[in-house]
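Chains, contacts and geometry: an overview
These are the residues of each chain, in order.
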Amino acid sequence: MRALHIVLVAGVLSLLANGAFAACAEEYVDLRGPWGQARFSVEIVDTEETRARGLMHRESLPRSAGMLFIYDAPTEPSFWMRNTLIPLDMIFVDPTGQVTRIHRDAIPHDITPIPGGPNVLMVLEINGGLSQMLGMVTGSEMRHPRLDQAAALWPCE
């Protein structure tokens, strides 16, 4: 199963390297860094109600999918895993699209606070362990049309 997963991720990364996913779109998040590049289809949560619910009570998340939390202004968010059934990686992003923190493998049902740090505009939640498998690091860049394109490190084209 792990070998199949690695082959699948390698195929996605190959498509990305060849520019197959070049267009910037609301329903996708692109990430890049010294580790390579990846794209996730995302569900946008940008209201207090949808952010509070997040991925609670969901039994699965497709490998190439995630949830993108978008705040109205930079903030210092804190998360927990109460009522969350699947392990998650949380990728915290500043207003320029730079990844400032990665919390790996958040534990389902854990109520320990997971602080995002200051100046966070977006948080991407993906399947637990995936950021490590891809080699994602802080300092990586996110591309998304909801970032201020004039300030974005990796603007939409």
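Residues numbered from 1 in each chain as written. Predicted model: local features only at pLDDT ≥ 70, side-chain atom pairs only at ≥ 80, totals over all residues. Heavy atoms only, no water.

A short note on the pairing of strand E6 (residues 99-106)
Both strand E5 (residues 88-93) and E6 contribute to a ladder of 5 bridges, which runs antiparallel. Within E6, the residue paired with Val 93 across the bridge is Val 99. (Pairing = 2+ DSSP bridges. Helix = DSSP H or I, 4+ residues; strand = E, 2+ residues; numbered from the N terminus.)

Notes on the environment of Glu 125
When you line up the elements, Glu 125 lands in strand E8 (residues 120-127). The buried category is assigned to Glu 125, whose relative accessible area is 4%. Residues Glu 125 and Leu 68 lie 57 residues apart in sequence; the distance between their C-alpha atoms is 6.5 Å. Once residues lying within four places of it in the same chain are set aside, the contact partners of Glu 125 are Leu 55, Leu 61, Ala 65, Gly 66, Met 67, Phe 69, Phe 79, Leu 88, Asp 89 and Met 90. (Buried < 20%, exposed > 50% of the residue type's maximum accessible area, 1.4 Å probe, protein only. Contact = heavy atoms within 4.5 Å.)

A closer look at the packing of aromatic side chains
In the structure shown here, the tally under the stated rule is 2 aromatic pairs. Seen in terms of ring centroids, Phe 69 and Phe 79 are 5.1 Å apart; in terms of plane orientation they differ by 85 degrees. Their pairing is edge-to-face. With Phe 69 in strand E3 (residues 65-75) and Phe 79 in strand E4 (residues 78-79), the pair connects residues that are 10 residues apart, well separated along the chain. As far as burial versus exposure is concerned, Phe 69 and Phe 79 are alike and both buried. Taking the centre distance of 5.9 Å and the plane angle of 75 degrees together, the rings of Phe 79 and Phe 92 count as edge-to-face. Of this pair, Phe 79 sits in strand E4 while Phe 92 sits in strand E5, and the two are 13 residues apart along the sequence. Through a chain of ring-to-ring contacts, three or more aromatic side chains come together here, namely Phe 69, Phe 79 and Phe 92. A cation sits over an aromatic face here: Arg 39 above Tyr 28, 4.5 Å from the ring centre. (Phe/Tyr/Trp six-rings, centres within 6.5 Å; stacked < 30°, edge-to-face > 60°. Lys NZ or Arg CZ within 6 Å of the ring centre and 35° of its normal.)

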